[in-house]
Amino acid sequence: MELRQAMRRPSRTSAGIQLLLRYLANLYFIERRFFPVDRNIGIYFEWYDSITGLPSIQKTITFEKASVLFNLSALYTQIGTKAEADEAIDNYLRAAGILEYIREHFSHPPSFDLCHELLRSLVELMMVQSHEILLHKQTLETESAGNLLNNATESAYLCESLTHLLNTLTSSDLNDFIPPTWVSLVIIKHHVYRARANYFLALFLLRHSQSDQLRRLDEVYIEDDSTITTDIRVPSTKEEESCLGFCHLRMGLTKIKDAERVMRLNRIRGVGLEYVLQTTKEKLLDLMGQKNRRRIGCIS
């Protein structure tokens, strides 16, 4: 009983992780010794949902194990928010793995926290978080032509992941329970990374004219059957590169304005988020100003 009370409020450190794992290991021994399959014991396990705040009470020890695993994943995410990049990625991936394990091995969940739809959305969220950190590390590298195209591609892929996450969070199963702030933040991040993808493409086109990496633009502008896009061809002259680069700059600024509008309408405040928006906007405007001062024309 003392171990159970202690693990309900673990410290946000590796010691807290070890405490939860120790209790979880004890549950497997307790289950084999005191919870026979052929009869029920009058022991109840009570937990409160993190989303709804409602209590859930069950006799089965499976519910106890799933709840402890859910708390373990939450603890990994809390540690990841304060860790360095590599450690943060590791913690988010561990959390995603635990949540996926719960979703695959525990059927008919009695609480909303353990429902398959919510677990799937949380797994997607953890994967997006780890991808964000990895992309941030990648953008710190040199601004070579190849790295810029890689950054643009990864930013665009992250946008697709955020779109999929948004669809999951706003589905009929979750829409009434997910906090509106979560949805707003996903929309804002989608606009920000779309703006960053356009910035990296503009930087590539305007600073690496006639690069041998230019042929890789076919990979960036790939079309599919689900979208209608204009016929964008790989530029063959310096003027065409400049024109396409300015188009990406304008699109990037448009996405930043969209993100600022969502923040304003939903009254979202955050120093880190505002810093990312401001720095991205300044980079777009600075690049546009540099090229305007050099009087690089655009084909009409």
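Residues numbered from 1 in each chain as written. Predicted model: local features only at pLDDT ≥ 70, side-chain atom pairs only at ≥ 80, totals over all residues. Heavy atoms only, no water.

1. Overview of the overall build of the protein chain
Under the convention used in this document: Runs of H or I in DSSP of at least four residues are treated as helices and runs of E of at least two as strands, each being numbered from the N terminus. Per-residue accessibility, obtained with a 1.4 Å probe over protein chains only, is compared with the maximum for each type, and a residue is labelled buried under 20%, exposed over 50%, and partly exposed between these values. The criterion used for residue contact is that any of the two residues' heavy atoms lie within 4.5 Å. Using the Shrake-Rupley algorithm and a 1.4 Å probe, accessible areas are obtained, with residue cover drawn only from the displayed protein chains.
If you tally the helices and strands in the protein chain, you get ten helices and two strands. From first element to last, N terminus to C terminus, the protein chain shows the α and β order α-α-β-β-α-α-α-α-α-α-α-α. Split into buried and exposed, the 300 residues of the protein chain put 43% on the buried side. In the protein chain, 67% of the contacts between residues at least 6 apart in sequence involve partners at least 24 apart. Summed over all atoms, the accessible surface of the protein chain reaches about 17400 Å², with 52% contributed by carbon and sulfur.

2. Considering the packing of helix α4 (residues 85-105) against helix α5 (residues 116-139)
Quick reminder of the rule: Angles shown run from 0 to 180 degrees and are taken between the N-to-C directions of axes, each axis being a line fitted to C-alpha atoms and, for helices, limited to the stretch in contact. Angles below 35 degrees are treated as roughly parallel, those above 145 as roughly antiparallel, those between 65 and 115 as roughly perpendicular, and all remaining angles as oblique. Rotating anticlockwise by less than a right angle from the far helix to the near helix defines a left-handed crossing, while the corresponding clockwise rotation defines a right-handed one. Under the grouping applied here, Gly and all other residues not named as nonpolar or charged are polar, the nonpolar ones being Ala, Val, Leu, Ile, Met, Phe, Trp, Tyr, Cys and Pro and the charged ones Asp, Glu, Lys and Arg.
At a minimum axis distance of 9 Å, the contact between α4 and α5 shows a crossing angle of 165°. Viewed along their axes, α4 and α5 adopt a mutual orientation that is roughly antiparallel. Seen from above, α4 lies across α5 with left-handed handedness. Touching Ala85, Asp86, Ala88, Ile89, Tyr92, Leu93, Ala95, Ala96, Leu99, Glu100, Ile102 and Arg103 of α4 are His116, Leu119, Arg120, Leu122, Val123, Met126, Met127, Gln129, Ser130, Ile133, Leu134 and Lys137, all from α5. Grouping the amino acids of the contact of α4 with α5 by side-chain chemistry returns 16 nonpolar, three polar and five charged.

3. Details of the pairing of strand β1 (residues 45-48)
Applicable threshold: Strands are labelled as partners when DSSP assigns at least two bridges between them.
Only one face of β1 is buried: it carries Phe45 and Trp47, and the other face, with Glu46 and Tyr48, is open. In terms of strand pairing, β1 meets strand β2 (residues 55-58) through four bridges, oriented antiparallel. Paired with glutamate 46 across the two strands is isoleucine 57, which belongs to β2. Between β1 and β2, which pair antiparallel one after the other, the connecting turn spans six residues, and glycine 53 there sits at a positive phi close to 80°.

4. Digging into the environment of phenylalanine 112
Among the secondary structure elements, phenylalanine 112 is positioned in the loop between α4 and α5. In this structure phenylalanine 112 comes out as buried when scored by relative accessible area, which is 14%. Distance in space between the C-alpha atoms of phenylalanine 112 and aspartate 49 is 6.6 Å, their sequence separation being 63 residues. Setting aside anything within four residues of it in sequence, one finds phenylalanine 112 in contact with Asp49, Ile51, Thr52, Leu118, Asp173, Leu174 and Phe177.

5. Considering α4
In an α-helix, one turn spans 3.6 residues; hence positions three or four apart end up facing the same way. Keep this limit in mind: Working rule for helices: expected span equals 1.5 Å times residues minus one.
Between the first and last C-alpha of α4 there are 30 Å, a value that for 21 residues agrees with the 30 Å anticipated at 1.5 Å per step. Turning to α4, the residues buried within the fold contact α3 (61-81) and α5.

6. Considering the side chain of glutamate 132
To keep things clear, this is the line we draw: Side-chain atoms alone can form a polar contact between residues adjacent in sequence; in general such a contact is a pair of N or O atoms within 3.5 Å, and within protein one must be able to donate a hydrogen while the other accepts it.
Tracing the sequence through the fold places glutamate 132 in helix α5. Exposure remark for glutamate 132: the relative accessible area of 13% places this residue in the buried category. Among the polar contacts listed, one links the side chain of glutamate 132 to the side chain of lysine 189, at a separation of 2.8 Å. Look past the residues within four positions of glutamate 132 in its chain and what remains in contact with it is Leu158, Lys189 and Tyr193.

7. Focus: unusual backbone geometry
Of note, the phi angle at arginine 267 is positive, near 55°, even though the residue is not glycine. Position of arginine 267 relative to the elements: it lies in the loop between α9 (238-265) and α10 (271-293). On the basis of relative accessible area, arginine 267 is assigned to the exposed category, the value being 73%.

8. A word on the nonpolar core
Convention followed: We call a set of buried Ala, Val, Leu, Ile, Met, Phe, Trp, Tyr and Cys residues a nonpolar core when their side-chain atoms join them within 4.5 Å.
In terms of nonpolar packing, the biggest core is built from 50 residues, with Val68 and Ile102 touching the most fellow members. Examining the composition of this core, we find that ten residues originate from one element, α3, more than from any other. Not counting residues up to four positions away in its chain, the partners in contact with valine 68 are Met7, Leu20, Tyr23, Leu24, Leu27 and Trp47. In terms of nonpolar packing, the next biggest core, distinct from the first, is built from 29 residues, Leu201, Leu253, Ile256 and Met263 among them.

9. Focus on the side chain of histidine 131
Note on placement: histidine 131 falls in helix α5. By relative accessible area, histidine 131 is classed as buried at 12%. For histidine 131, the residues in contact, after removing those within four places along its chain, are Glu154, Tyr157 and Leu158.

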